[in-house]
Protein chains: 2
Amino acid sequence: MQVEIITIGDEILIGQIVDTNSAWMAQELNLIGLQIKQITTVSDDESAIINALEEALNHVDIILITGGLGPTKDDLTKNTLCKYFKTKLIFDARAFEDVERLFHARGITEIREINRRQAEVPEGCKVLYNGLGTAPGMWFEKNNKIVVSMPGVPFEMEAMMKNDVLPKLKNQFKLPFIQHKTMLTHGIGESFLAELISEWEDKLPSNIKLAYLPSAGSVKLRLSGLGKDPILLNAEIEKEVRKVEPFLRPYLYGYDTDSVESIVGGFLKQTNKTLVTAESCTGGYMAHLITRIPGCSTYYLGSVVAYSNESKQSMLQVDPSTLENNGAVSEQTVIEMARGAKKKFNADFAIACSGIAGPDGGTVEKPIGTVWIAIATPDKIVTQHFLFGKNRERTIQRTSQTGLHMLIKELKSLI
Amino acid sequence: MQVEIITIGDEILIGQIVDTNSAWMAQELNLIGLQIKQITTVSDDESAIINALEEALNHVDIILITGGLGPTKDDLTKNTLCKYFKTKLIFDARAFEDVERLFHARGITEIREINRRQAEVPEGCKVLYNGLGTAPGMWFEKNNKIVVSMPGVPFEMEAMMKNDVLPKLKNQFKLPFIQHKTMLTHGIGESFLAELISEWEDKLPSNIKLAYLPSAGSVKLRLSGLGKDPILLNAEIEKEVRKVEPFLRPYLYGYDTDSVESIVGGFLKQTNKTLVTAESCTGGYMAHLITRIPGCSTYYLGSVVAYSNESKQSMLQVDPSTLENNGAVSEQTVIEMARGAKKKFNADFAIACSGIAGPDGGTVEKPIGTVWIAIATPDKIVTQHFLFGKNRERTIQRTSQTGLHMLIKELKSLI
């Protein structure tokens, strides 16, 4: 049973927004055993939509469409589906209640004609009511194939998937079981990793596939198994994981949805310790990663983003002579930043970083991408020097992630 | 002249990564007058790749492929293209030099067999050398159609597009001229905006299209014009912009690639003023937005991320009795946070926020999503209360963006 996702929207085709809906949908569909065969993005154009729909119906049984359901004139999905399924629009009283409720909650009493028209749906489809927005979803069935149309606004689509679409799909089909297990590594390149585990990889059973997923500073190894019995499949995959783990040991830092920030959080919770950060070149991104984890307030006390030299002195007690003699991007400065932050917040651990993210500010001695990171633990400070290249965004991300990896190493050695 | 982008990778189809390459490519292709007809994502599978390629060749003249060129066994694009174009792999000495150079730069002298194979290319294609990675790109021409294959690693693909693919495409075709102009609005919903400007929209010339692009707290209005003469087209679009601007005035905050953080930066640079932030619920994300702008160190001094009550007192001089009597999420607390940050950093402006991002911590009086924001200017402090809903990530983003919009309002009134 295979699925195609069709995303409708000129804004994606001109690159104004990135399609994040498809990744979210793919994850959720995989969890119930549905495989995505293709993701197709087409414009808000009748013939493009119909063409994509027809091609998809040749290959798959389930088509999930997002986008093009807004109230404005550039949104054509509803009328196009109406035409394709040879039906007409009818007014749906309950969909109109959703529109009214939403407008009243925003303090608006007068409903405009274009919003009233959002409560019109193609006759004969099953309406998927939208508690969070004004556009209802639509579920069509024809020749044993399913076509579902949902709004493109991510949180509206996500609620509709969780409340209606996923339960209905699960109900309607006997699905094979898909299971993924991902091992997260840091500090080794893709090709070295591949050579390290090539013997194991060659002997993998045919129903288990391996993929290498490199991203800034880390390579994820994903095993995907297909089977009829979830318990047997799980045991089979776990067996392979245990076989390969000894090879991965120095590089392995987590599994599946773990992130470097969630693992840091887990260690700190477990040991009842606290963390602060002192950031220069990352400009708050390290704090942002850490605070993405719900409940982080039990171990994360805060951060000082000290962008200027003055703030490094006043907020983090960096010695003015250190800045003068060594510069803001130096080992001695990050040592003092980490020490100052740890003391000011009265924390157990601190991460500090200072670097040249670019595009300006590089010198021959300290080119763009030069970064110093310090980790202060209860009894010592460790430092490391990096060269992360000329891309500002990438340097911000890699510095933040590398700082957290350095902290994990220290936390591990204390347990 | 239309383009299809084909993205190859199981990791996208199972939702493990979001395809950001396509948006970047679409933007760049649009700038040289090429329209994207479709974006298709298929798995690392020979028949899926060939099928996508054949369907695309029915509709477009140029096909740009990314992904599936890694050294490992799950990467099949090169062999599949070789088969499709009925050619064979040959060793390319210059591509091998790229591999060697990259490995030497990383301090590795011994090149592995799987990396040596990365320097093999299909005979007859034009090789696009990769200065930043180990996989060369490939440019095929057949029956007046162009098929280009590039690595999926974003910065490698981007360099290859800029250095080779875009100049070659520009050279090879006489392209029509596409121009976009986007107006950025804040504080008005999509349907109200549509009603406000519907008369103007109805009278747009047929070669100019309007799109509404809503995103958290903001609606972008994009005009897309198609024409033969860039100067005439530009004048036509500018004329329409000037016509609609009076209606948009209270909501309009910028154009095109402007962002709320770049506009804040522009105002501060222009007036020679400085900014600091004091963040609680946004956890450094506001600082991250501000520091995404290169050169922000001339006006942005830094941030205190005060996640704990203690740090609000010690780092921002919030009165303990304020926290006790009003709670950390209160008007009085954000006023003192803004005042404290402004004073500590000796800045002209400060933004402070405190809220309940969730998923825990809500009460009946202060439900999840409750946020207070304060803006301190040289002579006053303004505050506002918000309810941003139950999604943690969304609340972090909306709070950060709203704080910056509130600051813009104050900066505007001072100029």
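Right above here is the structure, for reference.
Scoring rules and cut-offs
Residues numbered from 1 in each chain as written. Chains lettered and ligands numbered in written order. Predicted model: local features only at pLDDT ≥ 70, side-chain atom pairs only at ≥ 80, totals over all residues. Heavy atoms only, no water. Salt bridge = Lys/Arg side-chain N within 4 Å of Asp/Glu carboxyl O. Helix = DSSP H or I, 4+ residues; strand = E, 2+ residues; numbered from the N terminus. Buried < 20%, exposed > 50% of the residue type's maximum accessible area, 1.4 Å probe, protein only. Least-squares fit on C-alpha atoms with pLDDT ≥ 70 in both. Contact = heavy atoms within 4.5 Å. Phe/Tyr/Trp six-rings, centres within 6.5 Å; stacked < 30°, edge-to-face > 60°. Lys NZ or Arg CZ within 6 Å of the ring centre and 35° of its normal. Pairing = 2+ DSSP bridges. Axes fitted to C-alpha atoms, helices over the stretch in contact; angles between N-to-C directions.

**Student:** Could you give me a rundown of the pattern of salt bridges, with the residues and numbers involved?
**Tutor:** Think of it this way: side chains of opposite charge can pair up when their charged atoms draw near. With the rule as written, the count across this model stands at 23 salt bridges over all chains. A salt bridge links Glu113 of chain A to Arg117 of chain A, with the nearest nitrogen and oxygen atoms 3.7 Å apart. With a closest N to O distance of 3.4 Å, Glu238 of chain A and Lys181 of chain A form a salt bridge. Of the two residues, Glu238 of chain A sits in helix α10 (residues 230-248) while Lys181 of chain A sits in strand β9 (residues 177-186), which places them 57 residues apart along the sequence. Of the residues examined, Lys181 of chain A reaches a relative accessible area of 15% and is grouped as buried. Here the salt bridges do not stand alone but share partners, grouping Glu110 and Arg112 of chain A together with Glu195 of chain B into one network.

**Student:** Give me the relation of the copies chain A and chain B: which residues, what numbers.
**Tutor:** Note on the copies: chain A fits chain B at an RMSD of 0.0 Å, the axial shift is 0.0 Å, and the rotation between them is 180 degrees. Overall, the copies show the geometry of a two-fold rotation axis. Looking at chain A, 100% of its interface residues are interface residues in chain B too, so the copies touch through the same face.

**Student:** Would you mind going over the environment of Val305 of chain B in detail, with residue names and values included?
**Tutor:** Structurally, Val305 of chain B is set in strand β14 (residues 300-306). In sequence terms Val305 of chain B and Glu393 of chain B are 88 residues apart; their C-alpha atoms lie 17 Å from each other. Not counting residues within four places of it along the chain, the set of residues in contact with Val305 of chain B comprises Ala287, Leu301, Gly302, Ser303 and Phe345 of chain A together with Glu279, Gly283 and Gly284 of chain B.

**Student:** Go over the packing of aromatic side chains with me, naming the residues and quoting the values.
**Tutor:** Each aromatic ring pair is described using two quantities: the centre-to-centre distance and the angle formed by the ring planes. By the definition in use, this model includes twelve aromatic pairs over all chains. An angle of 90 degrees between the planes, with centres 5.2 Å apart, marks the rings of Tyr84 of chain B and Phe85 of chain B as edge-to-face. An identical accessibility class is assigned to Tyr84 of chain B and Phe85 of chain B; each is buried. Through successive ring pairs, a cluster of aromatic residues spans Tyr84, Phe85 and Phe140 of chain A. Above the ring of Tyr84 of chain A, the side-chain terminus of Lys142 of chain A is found at 5.7 Å from the ring centroid.

**Student:** Describe the environment of Val382 of chain B, with residues and values.
**Tutor:** All names here are of chain B. You can see Val382 is positioned in strand β17 (residues 381-387). Val382 gets classed as partly exposed once you look at its relative accessible area, which sits at 23%. Remark: the alpha-carbon pair of Val382 and Trp200, spanning 182 residues in sequence, is separated by 36 Å. In this structure, Val382 is in contact with Ile373, Ala374, Ile375, Met406 and Glu410, ignoring residues within four places of it in sequence.

**Student:** So, the sheet that holds strand β11 (residues 218-227) of chain A: which residues are in play, and what are the values?
**Tutor:** Residue and element names in this part refer to chain A. Strand order in the open sheet formed by four strands is β10-β11-β9-β12, and the pairing between neighbours is antiparallel. Each edge of the sheet is formed by a strand with only one pairing partner; in this case those strands are β10 (208-215) and β12 (252-255). Here the strands of the sheet are splayed against their neighbours by 20 degrees on average, with no regard to which way each runs. Direction of pairing for β9 relative to β11: antiparallel, over a ladder of ten bridges. Bridging from a neighbouring strand, Met183 pairs with Leu221 of β11. Running at roughly 15 degrees to β9, α10 makes contact with β9, β10, β11 and β12 of the sheet.

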